[in-house]
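Here is what each chain is made of, one letter per residue.
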Amino acid sequence: MESIALLIGASLNAGTVLAIASLGLLINEKSGIVNLGAEGMMLCAALAGFVVTVQTGSTLAGFGAGMAVGALLAGVFGVLVIWLNTNQYATGLALTLFGAGFSAFAGTSYVQAKLPASVDYSIPVLSDLPVVGPMLFRQHPMVYVCVLITLGLIWFLYRTRAGLVLRSVGESPESAHALGYSVRRIRLMAVMAGGALCGLAGAYVSVVYTPLWVEGMTAGKGWIALALTTFATWRPARVLLGAYLFGFVTMLQFHLQGAGVNVPSQFLTMMPYLATIVVLVLISRNPTWIRINMPSSIGKPFYPGS
């Protein structure tokens, strides 16, 4: 039971990265914008978060730097696709390539750098409980913040006027424009907010999840996050549950290796990506289900007055 509790606890930690990034992409797509640059933003944010944490000794400063870099890159992406009407998919891919190349170049001198000693975030008394203690109460605070972000996003999207406006921009930008809302400005704010969350996820990777910097360290998590938004049918609660499921698959490989299971390490390493492909194939069997839940204008440019 103890080993299972540790596995689930590690799965929550791994799933947090995917959940935060996926929630950011969900905000983007609720406004009608597809950002394929998540992987590039996360890499640049991971580098920024790591560098700032090394220089200042503050994890919070590292998270802030990651969010700022993510929002900045998303803002550039937003200006290109929202105001200049460049192709969303091509621009997102360009952002991913830029982020991968720039982070590899700029982070060369920080490969051997070390972060300050980690702090024990265990909750007194509760962390000593059998089974649930190591599972739930020995996590980094960002794991709990991720749950709060999910609840806050649910409230925002479905219980506030601003959330209704955001969803209307994603469903019918022409109608929102006719009612006097600035579709482009709302979409840009949504894209930057989503970029900030992707940046937070990237900083979490380098500062907490694997506290070091190496080239390409996000290892495709941005792409998994993109798939996860579709898997969750653009619902925040489902995003969180799906992220924990993918986190479990990711950590299971290490658990099996530690248990001495005679399975090729290459197969275990590809398990998270294999799970992503399987999920997308299963979802694609029912395109009507996706069409019902997907924002109507997603991926389409908006031309005021057209």
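The preceding data block contains the structure.
Residues numbered from 1 in each chain as written. Predicted model: local features only at pLDDT ≥ 70, side-chain atom pairs only at ≥ 80, totals over all residues. Heavy atoms only, no water.

Colleague: How would you summarise the layout of surface pockets if you had to cite specific residues and measurements?
Modeller: Here the largest pocket defines a volume of roughly 450 Å³. As for the largest pocket, its lining consists of 20 residues, of which Ser-118, Val-119, Tyr-121, His-140 and Val-207 are closest to the centre. Broken down by class, the residue content of the lining of the largest pocket amounts to 10 nonpolar, 8 polar and 2 charged. Volume-wise, the second largest pocket comes out at about 320 Å³. What lines the second largest pocket is a set of 19 residues, and nearest its centre among them are Tyr-209, Ala-219, Lys-221, Thr-250 and Tyr-273. Secondary structure elements with two or more residues in the lining of the second largest pocket: helix H1 (2–30), helix H9 (183–209), helix H10 (221–231), helix H11 (236–258) and helix H13 (271–284). (1 Å grid on protein atoms, 1.4 Å probe; cavity = no way out; pocket = protein on both sides within 12 Å on 5 of 7 lines; lining within 4 Å. Points joined across faces, edges and corners; volume = space filled by probe spheres on them. Nonpolar A, V, L, I, M, F, W, Y, C, P; charged D, E, K, R; others polar. Helix = DSSP H or I, 4+ residues; strand = E, 2+ residues; numbered from the N terminus.)

Colleague: Could you give an account of unusual backbone geometry, naming the residues involved and the relevant values?
Modeller: Even without glycine at this site, Ala-219 takes up a positive phi of about 50 degrees. For Ala-219, the location among the structural elements is in the loop between H9 and H10. By relative accessible area, which is 36% here, Ala-219 ends up partly exposed. Phi angles above zero are rare outside glycine, and Trp-234 is one such case at about 60 degrees. Note that Trp-234 resides in the loop between H10 and H11. Trp-234 sits in the buried class, given a relative accessible area of 2%. (Buried < 20%, exposed > 50% of the residue type's maximum accessible area, 1.4 Å probe, protein only.)

Colleague: How would you explain the environment of Ala-227 if you had to name every residue and give the values?
Modeller: Looking at the secondary structure, you find Ala-227 in helix H10. According to the relative accessible area criterion, Ala-227 is buried, its value standing at 9%. As a C-alpha pair, Ala-227 and Val-214 span 13 residues in sequence and 24 Å in three-dimensional space. Sequence-distant contacts of Ala-227, that is, excluding residues within four places in its chain, are made with Thr-276 and Leu-280. (Contact = heavy atoms within 4.5 Å.)

Colleague: With reference to specific residues and values, describe the nonpolar core.
Modeller: Within the largest apolar cluster, 75 residues are counted, with the highest numbers of intra-cluster contacts made by Val-17, Ile-20, Phe-63, Cys-198, Tyr-204, Trp-213 and Phe-246. At 14 residues, the largest contribution of residues to this core is made by H9. With near-sequence residues (within four places) excluded, Trp-213 lies in contact with Leu-43, Ala-46, Leu-47, Phe-50, Ser-103, Gly-107, Tyr-110 and Val-111. (Core = buried A, V, L, I, M, F, W, Y, C linked by side-chain atoms within 4.5 Å.)

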